[in-house]
Amino acid sequence: MKLVVGLGNPEPRYAGTRHNIGFETVDKIAESSGVRFAPGKGKYHFAKISWRSRAIVLVKPMTYMNLSGHAVVAAMNFYKIQRQDILVICDDLNLPSGALRLRAKGSAGGQNGLKHIIECLGSDEFARMRIGIRPENQPLASFSSFVLGKFSEEERKTMESMLGVCADAAMDFAVNGIEHAMNHYNRASG
């Protein structure tokens, strides 16, 4: 069984914001699979799917971004999933809008949701997919207002075209593992 976690903030006012691209990715996977999210045994919503004979649990933490680790640990414990079977999907201010980077492990890179997950797990050894949200050549006065802001019309078009690729990359991870997904999707995304 694999755990695919999309990071974001749960309130409706955060829908469509840059920080919620992780939620949008797992929503896309759930929609493609014809399933809906339901409350889990902890502060998260989940949806279970089967893809190419693999059981996959999609998770959206309901803890807010900065406390995502609590939800991830609760889901891991409930489903008895190991770190190597987790993929966390989040936004990344350091990558240009629409870029995709998969890694087997690594630092939080300034992403507070990843930082809290690393703290709660006591390890950075879990897969992550970072989705770039930074428009090229745009200096930012306030990072928090930017990530909590909604995508511009142009950015939204870029993200809509990327969501399918991100969903495919997550499913590749679930079926073939992180190395295969990295080799295929990191190269494809530039």
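Everything here concerns the structure above.
Residues numbered from 1 in each chain as written. Predicted model: local features only at pLDDT ≥ 70, side-chain atom pairs only at ≥ 80, totals over all residues. Heavy atoms only, no water.

Draft legend 1. Highlighting the pattern of salt bridges. Counting across every chain of the model gives 7 salt bridges. Across the pair Glu11 and Arg13 runs a salt bridge, and its minimum N-O distance is 3.0 Å. A relative accessible area of 55% means that Arg13 is categorised as exposed. Note that Asp27 and Lys60 form a salt bridge whose closest N and O atoms lie 2.8 Å from each other. Residue Asp27 is located in helix α1 (residues 21-33), and its partner Lys60 is located in strand β4 (residues 54-61); the two are separated by 33 residues in the primary sequence. (Salt bridge = Lys/Arg side-chain N within 4 Å of Asp/Glu carboxyl O. Buried < 20%, exposed > 50% of the residue type's maximum accessible area, 1.4 Å probe, protein only. Helix = DSSP H or I, 4+ residues; strand = E, 2+ residues; numbered from the N terminus.)

Draft legend 2. Representation of helix α5 (residues 153-176). Between its terminal C-alpha atoms α5 stretches 35 Å, which fits the 34 Å expected from 24 residues at 1.5 Å a residue. The largest bend along α5 reaches roughly 30° and is located at Met162. Looking at the residues trailing α5, positive phi occurs at Gly177, about 95°. (Expected span 1.5 Å × (residues − 1). Bend = angle between axes of the 7 residues up to and from the residue.)

Draft legend 3. Just the packing of helix α2 (residues 68-79) against helix α3 (residues 112-121), in detail. Running from amino to carboxyl end, α2 crosses α3 at an angle of 50°, the nearest separation of the two axes being 7 Å. Classified by the angle between their axes, α2 and α3 sit oblique to one another. In terms of crossing hand, the pair formed by α2 and α3 is right-handed. Listed contacts from α3 to Ser68, Gly69, His70, Val72, Val73 and Met76 of α2 are Gly113, His116, Ile117, Cys120 and Leu121. A class-by-class count of the residues in the contact of α2 with α3 yields 6 nonpolar, 5 polar and no charged. (Axes fitted to C-alpha atoms, helices over the stretch in contact; angles between N-to-C directions. Parallel < 35°, antiparallel > 145°, perpendicular 65-115°, else oblique. Left-handed = near helix turned anticlockwise from the far one by under 90°. Contact = heavy atoms within 4.5 Å. Nonpolar A, V, L, I, M, F, W, Y, C, P; charged D, E, K, R; others polar.)

Remember, this is a structural readout, not a statement about activity or role.
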